[in-house]
Amino acid sequence: LTPGKVVRAKVAVLAEYGAIVELYPTKRQGLVHLREISHEDIASAGDALEVGQELRVQVLDVDARGNVKLSRKALLPKPKGEKPTKGFGPPPVPNASPPRKQARSKRARAAS
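Since we're looking at a predicted model, the values are computed, not measured.

Draft legend 1. Structural detail: the nonpolar core. Counting 17 residues, the largest nonpolar core has Val21, Leu23, Ile37, Val57 and Leu70 as the members making the most contacts within it. Of all the secondary structure elements, the ones that give two or more residues to this core are strand 1 (6-15), strand 2 (18-23), strand 4 (54-62) and strand 5 (68-71). In contact with valine 57, other than residues within four places in its own chain, are Lys5, Val6, Val7, Ala9, Leu23, Val32, Leu70, Ser71, Arg72 and Leu75.

Structure (structure tokens):
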């Protein structure tokens, strides 16, 4: 398994942190973290998946211990109006003007 590869899977276990799925045809297991299940905010994996459900997932990573991290969200169409965010923090405020620089007094400019 390599990052970026799309594979078929079947949901084996639902947990509060995500879903453990069995990959076809290898029967190897992997984790679809809660954040990688859907574009919508969901409280638990059971809000979007059911045990026994078949789905396609994309391999995100295989670590040194062989743990497979997967994403279902990467294969779902993005909701309209959603823009990718860069970095962390709150989204930008629409129609907000950038902060202005404070004007320095003549005396402060002369001193520097």
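Draft legend 2. Representation of the sheet that holds strand 2 within the structure. Around the barrel, which closes on itself, the five strands sit in the order 1-2-3-5-4 with mixed pairing between neighbours. Between one strand axis and the next, the sheet turns by 50° as a mean value, whatever way the strands run. Sheet topology note: the strand 1/strand 2 ladder contains six bridges and is antiparallel. What sits directly across from valine 11, in strand 2, is valine 21.

Draft legend 3. Inspection of the side chain of glutamine 58 at higher detail. Turning to its location among the elements, glutamine 58 is positioned in strand 4. Among the polar contacts made by the side chain of glutamine 58, one reaches the main-chain carbonyl oxygen of glycine 4 at a distance of 3.3 Å. Discounting residues that sit within four places of it in the chain, glutamine 58 has contacts with Gly4, Lys5, Val6, Lys69, Leu70, Ser71, Ala74 and Leu75.

Draft legend 4. Spatial organisation of the pattern of salt bridges. This structure, assessed with the given rule, holds one salt bridge. With its nearest N and O atoms 3.8 Å apart, the salt bridge here joins glutamate 22 to lysine 27.

Draft legend 5. View of unusual backbone geometry. Tyrosine 24 connects to proline 25 through a cis peptide bond whose omega is -10°. Looking at the secondary structure, you find proline 25 in the loop between strand 2 and strand 3 (29-33). Even without a glycine there, the phi angle at lysine 27 is positive, about 65°.

The rules behind these values
- Residues numbered from 1 in each chain as written.
- Predicted model: local features only at pLDDT ≥ 70, side-chain atom pairs only at ≥ 80, totals over all residues.
- Heavy atoms only, no water.
- Core = buried A, V, L, I, M, F, W, Y, C linked by side-chain atoms within 4.5 Å.
- Buried < 20%, exposed > 50% of the residue type's maximum accessible area, 1.4 Å probe, protein only.
- Helix = DSSP H or I, 4+ residues; strand = E, 2+ residues; numbered from the N terminus.
- Contact = heavy atoms within 4.5 Å.
- Pairing = 2+ DSSP bridges.
- Axes fitted to C-alpha atoms, helices over the stretch in contact; angles between N-to-C directions.
- Polar contact = N/O pair within 3.5 Å; in protein donor to acceptor, adjacent residues only side chain to side chain.
- Salt bridge = Lys/Arg side-chain N within 4 Å of Asp/Glu carboxyl O.

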